[in-house]
Amino acid sequence: MKKEQFVVVGLGRFGSSLAKQLITLGYEVLGIDKDDEAVQDMSQVLTQAVVGDCTDEEMLRSLGVRNLDCGIVAIGDDIQASIMSAILLKDIGIKKVVAKALTELHGRVLKKVGVDQVVYPERDMGVRIANQLVSPNLLDYIELSEDYTIAEMAVPKRLSGKSLREINLRAKYGCSVVAINKSKGIVIAPSATDVLSEKDVIVVIGTNGQIEEFEKEVVR
């Protein structure tokens, strides 16, 4: 099966990091930026890196971006260029457009012009770091929506040797363990008889309140 192809508009810190990771995962990535130095830095990393004005429709069409599967607008310092780029990518016909927003208002505008997914890297990273600072066992924390969260937690000593049935997260807190990362590999959709070890990492899903209560009462 043919892998998805991406175009990343804006090769600043966020855009270049995201583009590099997509390449690492085996995807083809076209990078575009108006800064020649930024493009030079990424030219040996990406499938193709081009100096260009992302608000120039003809330039985008000439690069064949309409044939790509996903467009990511990662512009960090020019809200107008961000919005115009997103509009052009949608108009050209890219199936999915993701855009970085600097503010809530910027994000609302991006949604209004048809962007499929809006991300707030600075805000979301702040949320992650804050949660990790107050809970050493909390390894990662991602808000799936306004209500739901998925969290990656190191198993504390007090839970070591206990099965998921004994811990009974679902009945006590309403959240669920969807995976256990053990030294010998990852267990997806673990059963009630799976036993936790202090070296394990559990992936828990639930509402923000459920995760917070479980983390506060059990994991810390």
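The preceding data block contains the structure.
Conventions used here
Residues numbered from 1 in each chain as written. Predicted model: local features only at pLDDT ≥ 70, side-chain atom pairs only at ≥ 80, totals over all residues. Heavy atoms only, no water. Helix = DSSP H or I, 4+ residues; strand = E, 2+ residues; numbered from the N terminus. Buried < 20%, exposed > 50% of the residue type's maximum accessible area, 1.4 Å probe, protein only. Salt bridge = Lys/Arg side-chain N within 4 Å of Asp/Glu carboxyl O. Axes fitted to C-alpha atoms, helices over the stretch in contact; angles between N-to-C directions. Parallel < 35°, antiparallel > 145°, perpendicular 65-115°, else oblique. Left-handed = near helix turned anticlockwise from the far one by under 90°. Contact = heavy atoms within 4.5 Å. Core = buried A, V, L, I, M, F, W, Y, C linked by side-chain atoms within 4.5 Å. Patch = residues over 30% accessible without salt bridge, like charges linked within 9 Å, V, L, I, M, F, W, Y side chains within 5 Å. Areas by Shrake-Rupley, 256 points an atom, 1.4 Å probe, with all protein chains shown as cover. Lys, Arg positive; Asp, Glu negative; His and termini not counted. Charge placed at Lys NZ, Arg CZ, Asp CG, Glu CD. Phe/Tyr/Trp six-rings, centres within 6.5 Å; stacked < 30°, edge-to-face > 60°.

J.: Explanation requested: unusual backbone geometry in the structure shown.
T.: Excluding glycine, a negative phi dihedral is what most residues carry, and trans is how most peptide bonds are arranged. In this model, asparagine 168 sits at a positive phi of 55°, which is unusual for a non-glycine residue. Locating asparagine 168 in the fold gives a position in the loop between α7 (164-167) and α8 (169-173). Classification of asparagine 168 by relative accessible area gives partly exposed; the value is 34%. In this structure, alanine 189 is a non-glycine residue whose phi angle is positive, near 50°. Within the secondary structure layout, alanine 189 lies in the loop between β10 (185-188) and β11 (201-207).

J.: How do you make sense of the pattern of salt bridges when you look at a structure like this?
T.: Side chains that differ in charge, positive against negative, can pair when their charged atoms come close. In this structure the tally under the stated criterion is four salt bridges. A salt bridge links lysine 90 to aspartate 116; its shortest N-O distance comes to 3.0 Å. Residue lysine 90 is located in helix α4 (residues 79-92), and its partner aspartate 116 is located in the loop between α5 (104-112) and β6 (117-119); the two are separated by 26 residues in the primary sequence. For lysine 90, a relative accessible area of 25% translates into the label partly exposed. Judged by relative accessible area, which is 36%, aspartate 116 ranks as partly exposed. Here aspartate 200 and lysine 182 are joined by a salt bridge, their closest N and O atoms 2.7 Å apart. On the criterion of sequence distance, the pair formed by aspartate 200 in the loop between β10 and β11 and lysine 182 in strand β9 (residues 176-182) is long-range, its members being 18 residues apart.

J.: How do you make sense of the packing of α4 against α5 when you look at a structure like this?
T.: In the contact formed by α4 and α5, the axes pass within 10 Å of each other and the chain directions differ by 20°. Between α4 and α5, the interaxial angle falls into the category roughly parallel. Two packed elements cross with a definite hand, and for α4 against α5 that hand is right-handed. Mapping the contact onto sequence places Ile79, Ser82, Ile83 and Ala86 in α4 and His106, Val109 and Leu110 in α5.

J.: What exactly am I supposed to notice about the nonpolar core here?
T.: Soluble, globular proteins show a tendency: their nonpolar side chains are buried together. In terms of nonpolar packing, the biggest core is built from 26 residues, with Val7, Leu60, Val65, Leu89 and Leu110 touching the most fellow members. Elements with a minimum of two residues in this core: β1 (5-9), β2 (28-33), α3 (57-62), α4 and β5 (96-100). With six residues, α4 is the largest single contributor of residues to this core. Residues contacting leucine 60, with those up to four places away along its chain left out, are Ile32, Cys54, Val65, Leu88, Leu89 and Ile92. Ala151, Met153, Ile167 and Cys175 belong to the second largest nonpolar core, which has 16 residues in total.

J.: I keep staring at a negative patch on the surface and nothing clicks. Help me out?
T.: Together, Asp35, Asp36, Glu37 and Asp41 make up a region of like negative charge exposed at the surface. Position of glutamate 37 relative to the elements: it lies in helix α2 (residues 36-42). By relative accessible area, glutamate 37 is classed as exposed at 57%.

J.: Is there a simple way to think about the packing of aromatic side chains in this case?
T.: Where two aromatic rings form a pair, the distance of their centres and the angle of their planes describe that pair. This model, assessed by the stated rule, comprises two aromatic pairs. Seen from their ring centres, phenylalanine 6 and tyrosine 27 are 5.5 Å apart, and the 90° between their planes marks the pair as edge-to-face. With a gap of 21 residues between them, phenylalanine 6 in strand β1 and tyrosine 27 in the loop between α1 (13-24) and β2 connect regions that are remote in the sequence. With a relative accessible area of 25%, tyrosine 27 lands in the partly exposed category.

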